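So you can see what is in the structure, the chains are spelled out below.
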Amino acid sequence: NSATLVLLPNSRCLFDDPIQLKVAGLRSRQVVTLRARSTDEKGVVFSSAATYRADGDGEIDLDRDHSLSGSYTGVEPMGLLWSMKADTLHKRFQKTKSMNPHVVKFSVHEETGRMLAEETNERLLIGDGVSRIPVKEGNIRGVLFTPPGPGPFPAVLDLYTFGGGLSEKRSSLLANRGFVALTVALYGHDDMPRQIEEVHLDYFEEAVEFLRKHDKLLLCLHSGDLALSVASYLSGVAATVWINGCSANTIFPIYYKKSQLLPPLLFDMSKLVVHESGASIIKYGVHDPQAEENKATQVPIEKAKGRFLFVASEDDLNWDSKTYMDMMAKRLKHHGKDNFECVSYPGAGHYLEPPYGPYCPSAFHGVVGRVVLWGGEPRPHAAAEVHMWMKIQEFFRANLSCDAAHTEAKL
């Protein structure tokens, strides 16, 4: 028999686009294994497999049919993508350079293992017509992505900063969706220091000004507690997305115009829990931001002029994100403010990314210097990523419509 494997709408798509997999030309009710395999930027191989039974016509449709066994079970149209695992423990799927597509090889195999059909899915991080310009201006080190067309476009400052270096994935994907996006490095990139001891908001202010003078009308941000400080102390920020972080300033002290604004909330390393896999659970080591001696570390988010979207995974093992989100909501309400929305995801872990990448249960944490457990279960985590990614774009559009830009940018 000559089996065929088809990817719809076609085999080339954006990284965050769903695809439909169909197999035809099998024997009636034939049982086969579908496999997916990909190699990341570090050369680590990720793969998944799921067993399906064809219908009476010898066809399988992943939008309709359920996996009987393998990396996942049930009807999961994108299951082969999110359930991919590395062949070694504690590896995070590394995809930080926008020019390299995520190339996935899908294949169909008989029970003996013989391959019947294969097809390659090229998942692009940067769409046709999107421009990518490395930025090295003043102190700023980063990459600016601009959608095709005349604009004006809403602008996003992407703070994907801790752990050093630069990640282009989120920003390039936002540019595909009509946002100007600037991703900036904080350290460990280009001519920047390898490590830092403190964070200066002046750097982010420079990035905010850079985005504004490029005739990109608006601003907003995207990260953990660092985004809270940028939104609270700097002007011109219309909307801020906070994903799985702390309500207090953590890791490094925050400075602005050479004076310290916030000390960092500290960790107690003796409270780390080591899991049987060898990975640590670090959320129990974080000091209580509400304790009297730690009040000075809390970010005064009530000062922010813009709106907040708080996103928390309920099974985050890195931070007690849901609790911190509730603290922030309470703090804003206490100050008579309703400029925020909260979204939380049961069963999701710390590492929420744009959708359809491999779920990551544990990996080396650059700041802590050890392997940590992120938490979550693959299926609800993957579903959370799909929902969150749409929610972020809706939130930005609702708060950064270009018509409102002229008034917003003056805030």
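Because the structure is a prediction, the values reported are computed rather than measured. Numbers given for residues are sequential positions, taken from 1 along each chain in its written order. Reporting in this predicted model follows two pLDDT cut-offs: at least 70 for local features of residues, and 80 or more for side-chain atom pairs to be given and counted; totals over whole chains, interfaces and linings ignore these cut-offs and use all residues. By convention in this description, side-chain values take in all heavy atoms of the structure and omit both hydrogens and water.

### Quick word on the domain arrangement of the chain
Partitioning the chain into structural domains gives domain 1 (4-124) and domain 2 (131-399). Each domain's limits were defined by an automated method or a database of domain assignments. Using only C-alpha atoms to locate each centre, domain 1 and domain 2 end up separated by 31 Å. Contacts between the two partners involve 24 residues from domain 1, matched on the other side by 29 residues from domain 2. Any carboxyl oxygen of Asp or Glu within 4 Å of a side-chain nitrogen of Lys or Arg constitutes a salt bridge here. At the junction of domain 1 with domain 2, the criterion picks out 3 salt bridges. For R177, the salt bridge goes to D16, with nearest N and O atoms at 2.9 Å. When checking whether two residues touch, look at their non-hydrogen atoms; a contact exists if any pair is within 4.5 Å.

### Some points on unusual backbone geometry
Following L8, the chain continues into P9 via a peptide bond in cis, with omega recorded as 0 degrees. Only DSSP runs of H or I covering at least 4 residues are called helices, and only runs of E covering at least 2 are called strands; the numbering of each starts at the N terminus. Structurally, P9 is set in the loop between β1 (4-8) and β2 (12-14). A cis amide bond links G151 to the next residue, P152, at an omega of 0 degrees. Position of P152 among the secondary structure elements: in the loop between β12 (140-146) and β13 (155-158). At H90, a residue that is not glycine, the phi angle is positive and equals roughly 60 degrees. Counting through the fold element by element, H90 comes out in the loop between β8 (85-86) and β9 (102-109). Here the phi dihedral of D190 falls at roughly 55 degrees; this positive angle occurs in a residue that is not glycine. Along the polypeptide, D190 turns up in the loop between β14 (180-184) and β15 (199-200).

### Details of the nonpolar core
The nonpolar core is taken to be a set of buried Ala, Val, Leu, Ile, Met, Phe, Trp, Tyr and Cys residues, with the residues joined through side-chain atoms within 4.5 Å. Three labels apply to residues, based on accessible area from a 1.4 Å probe with only protein chains included: buried if under 20% of the type maximum, exposed if over 50%, partly exposed otherwise in between. Among the nonpolar cores identified, the biggest contains 60 residues, and L157, L182, V184, F204, F308 and F310 are the most heavily contacted of them. Elements supplying a minimum of two residues to this core: β12, β13, β14, α3 (201-213), α4 (225-233), β18 (254-256), β22 (307-313) and α5 (321-334). In terms of residue count, the dominant contributor to this core is α3 (7 residues). The next biggest cluster of nonpolar side chains, apart from the first, holds 33 residues, and it includes V23, F46, I60 and Y356.

### Digging into the packing of aromatic side chains
Pairs were defined over the aromatic rings of Phe, Tyr and Trp, the Trp ring being its six-membered one, requiring ring centres within 6.5 Å. Orientation was assigned from the angle between planes: stacked under 30 degrees, edge-to-face over 60, tilted for the rest. Going through the model one piece at a time under the given rule, you end up with 10 aromatic pairs. Consider the rings of Y203 and F204, whose centres lie 5.3 Å apart with planes at 75 degrees: the pair is edge-to-face. Under the relative-accessibility criterion, F204 is labelled buried at 0%. When the centroid spacing of 6.1 Å and the interplanar angle of 40 degrees are considered together, the rings of F395 and F396 count as tilted. Among the aromatic residues, ring-to-ring pairing joins W242, F308, F310 and F340 into one connected group.

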